[in-house]
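Residue-level structural notes
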Amino acid sequence: MTSLSLRRTVAGEPLRGLDELRDLRAHANLLYELVHRDLTIRYKRSFFGFFWTMLHPLLLMLIFTVVFSGLFRMDTPHYETYFLSAYVAWNFFAQTTINAIAGLAWNGPLMKRVRVPRSIFTLSAVVSGIVNLALSLVVLLVIMLVVDAPLRPSLAVLPVSFVIAGIFTFGVSLALTAVCVFFADVREMYQAGLPALFYLTPAIYPISIVPERFRWLVELNPLTRLIALVREPIYYGRIPSAQTFASALAFSLIALLAGWMIFCRLAPRFDGRL
Amino acid sequence: MNAIELQGVSVRYRRETIRSLKELVVRAASRREVPYFYSLRGVTLAVRSGESVGIIGANGAGKSTLLRVAAGIVTPTEGVAIGRGNVVPLLELGTGFESELSGRENIQFNGALLGRSRAWMRSQRDAIIAFSGLEPFIDAPLRTYSTGMVARLAFSIATAVDAGTILIDEILAVGDAAFRARCEERIRSFVRDGRTIVLVSHETEEIVKLCQRTVWLSHGEIIDDGPSAEVVAKYERQRGAPAAR
């Protein structure tokens, strides 16, 4: 479709990435409403809605704090900050990708009845995810105040880290959702594989405890870099170097481009499968 | 000028869709042909702007698929579909309603689904609420509404559109007699305003009243296309049924 005034749908024609992008921009209001709906249903109806979403990471934090700082006698001061600063970023990635997959299935009936850009549901999952990430950061900052961990000016750089994490997560979500329309069991496989990915990411342990011969595996994991972008400013009080930012941005953009291409290639064949 | 043009449009679905990697492997091993069926087959149709066209046919004749192709929701397997101007589908009332949100919030959300801007929705909101007659309940969550109330809200939102072309799929079958009469009146006002209407209905009486021209679909193909009274008469004769259901 070239514009709203003339729309041609031709058999066998792929979805052009630029057209989809233009379509997304024309539906900015819908994006706003989708995110609004997500957050309203999650938070507005009950105070505990927010409480429950934080309960899980807090419980995990407690467990890992006991296990790692107690049993393993690991010498990490303020382990709770160390863990949570990485976990909020990990949780953003894991939860957003899962929500994006569920969202496309959930909104399938909608897509059969109204004409909207199909990537909008994935995009709204990522935007909602970033809002949730910002909210959990607030909780983390409160915890840091309570346990008397230092709050440093490097925190100001976090929005940049969040945007880069958002770009990467959007790319991965696009590819995953498109594939899951065709093969529903990929969702189960992905959910089963997520914990493995979690332990491959230095969130609960420092990368230094990984044996030398396995370290490349952890370092190859893109989430290792993304988590560092969030943990460095919070826990270490350091601003990651420009080079760190640039390389993270580069591979995130590659993920976005790849995800976008996969999505646009598969989207015209969604009909009859949603 | 044509508001909608379908050129040799076919829509084909697999009868059994492969839904998982597991099935794909099993299917590849058994080498069985996957059967297809055609929801539309070689349909060529032009709707002039300002025209009101009815679509009739038995269940499964492809009526809804035709509207979906015209709206650009479904990509045809063969052929080309063209829509000029703002084409808005009103396919199923209540699409996208969220039971936890209030009636007012649902108006905003539904408007966005139909491609309306925030400002436009805000300017129309009072008129929508007034038409629905649900003023006292508008801030209560939708789950507290009765089915009839939901249908009234949905119709009020759906028809508060500024689109040049409106595709309507059997949404007149809802609500009580009084509300239906108002719906009919609204569609008639669309026709008077010179908007393009494509109306799918099982109620042939309604089609004759509201549409100048009628297209008869059967098994995905156009059987007849002409003045509503003539096409409907032929259709009724073939069905061997009286005019009223």
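Quick caveat, the model's predicted, so the values are computed rather than measured. (Residues numbered from 1 in each chain as written. Chains lettered and ligands numbered in written order. Predicted model: local features only at pLDDT ≥ 70, side-chain atom pairs only at ≥ 80, totals over all residues.)

1. Notes on the overall build of chain A
- A tally of helices and strands in chain A yields 11 helices and one strand.
- Taken from the N to the C terminus, the helices and strands of chain A come in the order β-α-α-α-α-α-α-α-α-α-α-α.
- Dimensions along the principal axes, computed over C-alpha positions, put chain A at roughly 65 × 45 × 35 Å.
- Within chain A, the fraction of its 274 residues that count as buried is 38%.
- Expressed as a percentage of contacts within chain A between residues at least 6 apart in sequence, the contacts between residues at least 24 apart total 78%. (Helix = DSSP H or I, 4+ residues; strand = E, 2+ residues; numbered from the N terminus. Buried ≥ 20, exposed ≤ 12 C-beta atoms within 10 Å, placed from the backbone. Contact = placed C-beta atoms within 7 Å.)

2. Observations regarding the overall build of chain B
- When its secondary structure is counted, chain B shows eight helices and nine strands.
- For chain B, the C-alpha radius of gyration of 20 Å lies close to 18 Å, the compact-globule estimate for 245 residues.
- Counting only C-alpha atoms and orienting by the principal axes, one finds that chain B spans roughly 60 × 50 × 35 Å.
- Long-range contacts, defined as pairs at least 24 residues apart, comprise 72% of the intrachain contacts of chain B with a sequence gap of at least 6. (Rg over C-alpha atoms; globule rule 2.2 N^0.38 Å.)

3. Observations regarding the interface of chain A and chain B
- At the interface, 31 residues of chain A touch 41 residues of chain B.
- If you list the elements that add at least two residues to the side of chain A that touches chain B, you get strand S1 (6-10), helix H2 (28-44) and helix H8 (185-199) of chain A.
- When residues in the side of chain A that touches chain B are grouped by element, the largest group, six residues, is from H2 of chain A.
- Tallied by class, residues from the side of chain A that touches chain B come to 14 nonpolar, six polar and 11 charged. (Nonpolar A, V, L, I, M, F, W, Y, C, P; charged D, E, K, R; others polar.)

4. As for the sheet that holds strand S2 (residues 36-48) of chain B
- Ordered in space as S1(A)-S4(B)-S1(B)-S2(B), the four strands form an open sheet in which the pairing is antiparallel. Looking at the sheet topology across the chains shown, the edges are occupied by S1 of chain A together with S2 of chain B. Adjacent strand axes in the sheet meet at a mean angle of 15°, parallel and antiparallel pairs treated alike.
- Of the strand pairs in this sheet, S1 of chain A and strand S4 (residues 78-84) of chain B are connected by five bridges, and their pairing is antiparallel. Directly across from Arg 7 of chain A, in S4 of chain B, lies its bridge partner Gly 83 of chain B.
- Relative to the sheet, helix H2 (residues 63-71) of chain B contacts strand S1 (2-14), S2 and S4 of chain B, its axis offset from that of S1 of chain B by approximately 120°. (Pairing = 2+ DSSP bridges. Axes fitted to C-alpha atoms, helices over the stretch in contact; angles between N-to-C directions.)

5. With respect to the pairing of strand S7 (residues 196-200) of chain B
All names here are of chain B.
- By the criterion of burial, S7 is predominantly enclosed, with five of the five residues buried.
- The pairing of strand S3 (residues 52-56) with S7 spans four bridges and is classified as parallel. In the strand pairing of S7, Gly 54 is matched with Leu 199.

6. Notes on the sheet that holds strand S9 (residues 221-227) of chain B
Residue and element names in this part refer to chain B.
- Here six strands make up an open sheet; going across it, the order is S5-S6-S7-S3-S8-S9 and the pairing mixed. Each of the sheet's edge strands pairs with one partner strand only, and the pair in question is strand S5 (87-90) and S9. Neighbouring strand axes in the sheet, compared pairwise and without regard to direction, differ in orientation by 15° on average.
- In this structure, strand S8 (residues 213-218) lies alongside S9, joined through six bridges in antiparallel fashion. The residue of S9 that forms the bridge with Arg 213 is Pro 227.

7. Considerations on the confidence of the model for chain A
- For chain A, mean pLDDT is 87; residues scoring 70 or higher make up 93% of the total.
- Mean pLDDT per element in chain A: helix H3 (residues 47-71) of chain A is the minimum at 73, and helix H7 (residues 158-182) of chain A is the maximum at 96. (pLDDT = per-residue confidence, 0-100.)

8. Observations regarding the environment of Ser 102 of chain B
All names here are of chain B.
- When you line up the elements, Ser 102 lands in the loop between S5 and helix H3 (103-113).
- Separated by 133 residues in the primary sequence, Ser 102 and Tyr 235 place their C-alpha atoms 43 Å from one another.
- Excluding anything up to four places from it in sequence, Ser 102 contacts Ile 138, Asp 139, Ala 140 and Pro 141.

9. What about helix H4 (residues 79-106) of chain A?
- For H4 of chain A, spanning 28 residues, the distance from its first C-alpha to its last is 38 Å, which sits close to the expected 40 Å at 1.5 Å a residue.
- Summarising burial for H4 of chain A: 23 of the 28 residues are buried, a large majority. (Expected span 1.5 Å × (residues − 1).)

10. Details of the pairing of S4 of chain B
- The sheet contact formed by S1 of chain B and S4 of chain B spans five bridges and is antiparallel. Bridging across to S4 of chain B, Ile 4 of chain B finds its partner in Gly 83 of chain B.

11. Regarding unusual backbone geometry
- Backbone geometry at His 78 of chain A places phi at a positive 50°, although glycine is not the residue there.
- As for its position among the elements, His 78 of chain A is in the loop between H3 and H4.
- Taking the C-beta count within 10 Å as the criterion, His 78 of chain A has 18 such neighbours and is therefore assigned partly exposed.
- One non-glycine residue, His 219 of chain B, lies in positive phi territory at about 50°.
- Note on placement: His 219 of chain B falls in the loop between S8 and S9.
- Overall, His 219 of chain B belongs to the partly exposed group, with 15 C-beta atoms counted inside 10 Å.

12. So, the packing of H4 of chain A against helix H10 (residues 222-236) of chain A
All names here are of chain A.
- Packing of H4 against H10 leaves a shortest axis separation of 9 Å and a crossing angle of 135°. Considering the angle they form, H4 stands oblique to H10. Between H4 and H10 the crossing geometry is right-handed. Touching Thr 81, Tyr 82, Ser 85, Ala 86, Val 88, Ala 89, Trp 90 and Phe 93 of H4 are Leu 223, Leu 226, Ile 227, Val 230, Arg 231, Ile 234 and Tyr 235, all from H10.
- Considering only residue class, the contact of H4 with H10 consists of 12 nonpolar, two polar and one charged. (Parallel < 35°, antiparallel > 145°, perpendicular 65-115°, else oblique. Left-handed = near helix turned anticlockwise from the far one by under 90°.)

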